[in-house]
Amino acid sequence: MDGLWMIALLLIPLVLWTSSTFVFYFKKCFYVAWMMALALLAIPLCILKSGGRDVENMRIIRGLVRHVKYFLGLRFDVSGWEHLQTEGPYVIISNHQSSLDVLGLMEILPDRCTMIAKKELIYAGTVGLVCWLGGIVFINRKKTNDAKNVMADAAKTMLDDQIRLWVFPEGTRNQRGGLLPFKKGAFHLAVQAQVPIIPIVFSSYSNFYLRKEKQFNSGTIRLKILPKIDTKGMTSEDISSLSDKSFNLMCSAFHSISDSVTQSNGPSRH
């Protein structure tokens, strides 16, 4: 009888691991917990390195986070590396699908580059604190005037401190199979600072990650770094056309690389 109980206990993990719903929640919980643990480790390292808030702390954060992809069964295929070999400050824009974007971001994050993020992130425990130490710029999306003032300050900081800023112009996460209309903040920032924009596109996660269907498999994420878009001589009157041009370029690239991932991996199983 004891032997039967032992066999049953051994079979339970096997049964659970064959359940896509269990795997989904296990990976999600592991990801959040592990990132919080890494942040706890990063906090004293950042303070020792820089004495407090400094964009150079992103080197430490980047180094600590890059291995997480292996635990989740993810692989990154990056093209266009040469377009990041740009001197001086610039604005990176990319599409935003889920919190997994952080892994792709850390995979290719240039030196002296930090992000613009929603203000609520600063309250996310150890992760919020390490984001602050990494020089992340927090904006209140609900107060337009506050956001504009933060962007104006960010433009000045970019030039004074020679840093790069990563922005998600969709403004929120989107897994609908395309890109949401862009908000104009990133483009005002680039034009005000007269720095180039470098678009980066993440392929669709739908071949391995489906939130509604509770599916989180192993998979490949393609990152395509597009040529820089110069803003020299542009004014506020050029913001809309600059945004539209960036949106169209990124939409085209998104569908191209997403289709190539689907063809190479096959359709995802439900």
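Thresholds applied
All residue numbers refer to position in the chain's written sequence, counted from 1. The predicted origin of the model limits local features to residues at a pLDDT of at least 70 and limits the giving and counting of side-chain atom pairs to 80 or more, whereas totals for whole chains, interfaces and linings rest on all residues. Think of the side-chain values as coming from all heavy atoms in the structure, minus any hydrogens and water. Helix axes use the C-alpha atoms of the stretch in contact, all axes being lines fitted to C-alpha atoms, and the angles between their N-to-C directions lie in the range 0 to 180 degrees. By the criteria applied, helices consist of DSSP H or I runs no shorter than four residues and strands consist of E runs no shorter than two, each listed in order from the N terminus. Left-handed is the label given to a crossing in which the near helix is rotated counterclockwise from the far helix by less than a right angle, and right-handed is the label when the rotation is clockwise. Every residue pair with non-hydrogen atoms within 4.5 Å of one another is taken to be in contact. All amino acids are sorted into three groups, where Ala, Val, Leu, Ile, Met, Phe, Trp, Tyr, Cys and Pro are nonpolar, Asp, Glu, Lys and Arg are charged, and the leftover types, Gly among them, are polar. Burial classification: accessible surface area is computed with a 1.4 Å probe over protein chains only, and a residue below 20% of its type maximum counts as buried, one above 50% as exposed, and the rest as partly exposed. Definition of a polar contact: a pair of N or O atoms within 3.5 Å, with one able to donate and the other able to accept a hydrogen when the atoms are protein atoms, and with sequence-neighbouring residues admitted only if both atoms are side-chain atoms. Ring pairs shown here join Phe, Tyr and Trp side chains whose ring centres sit within 6.5 Å, with only the six-membered ring taken for Trp; geometry is labelled stacked below 30 degrees between planes, edge-to-face above 60, and tilted in between. Throughout this description, the term charge over a ring refers to an Arg CZ or Lys NZ atom that lies within 6 Å of the ring centre and within 35 degrees of the ring normal.

**Things to note about the packing of helix α2 (residues 20-50) against helix α6 (residues 125-133)**
- Between α2 and α6, the shortest axis-to-axis distance is 8 Å and the interhelical angle comes to 35°. Where α2 crosses over α6, the two elements pack in a sense that is left-handed. Across the interface between the two elements, M35, M36, A39, L40, A42, I43, C46 and I47 from α2 touch T126, V127, L129, V130 and L133 from α6.
- Each residue belonging to the contact of α2 with α6 can be placed in one class, and the counts come to 12 nonpolar, 1 polar and no charged.

**Overview of the environment of D54**
- As for its position among the elements, D54 is in the loop between α2 and α3 (58-65).
- Judged by relative accessible area, which is 28%, D54 ranks as partly exposed.
- Distance in space between the C-alpha atoms of D54 and G135 is 5.3 Å, their sequence separation being 81 residues.
- Not counting residues within four places of it along the chain, the set of residues in contact with D54 comprises L133, G134 and G135.
- Side-chain polar atoms of D54 contact the backbone nitrogen of E56, separated by 2.8 Å.

**Quick word on the packing of aromatic side chains**
- One pass over the full model with this rule turns up 11 aromatic pairs.
- Residues Y205 and F208 carry aromatic rings whose centres are separated by 5.5 Å and whose planes lie at 40° to one another, so their mutual orientation is tilted.
- Since its relative accessible area comes to 0%, Y205 is described here as buried.
- It is K27 that lies over the ring of F216; its NZ or CZ is 4.9 Å from the centre.

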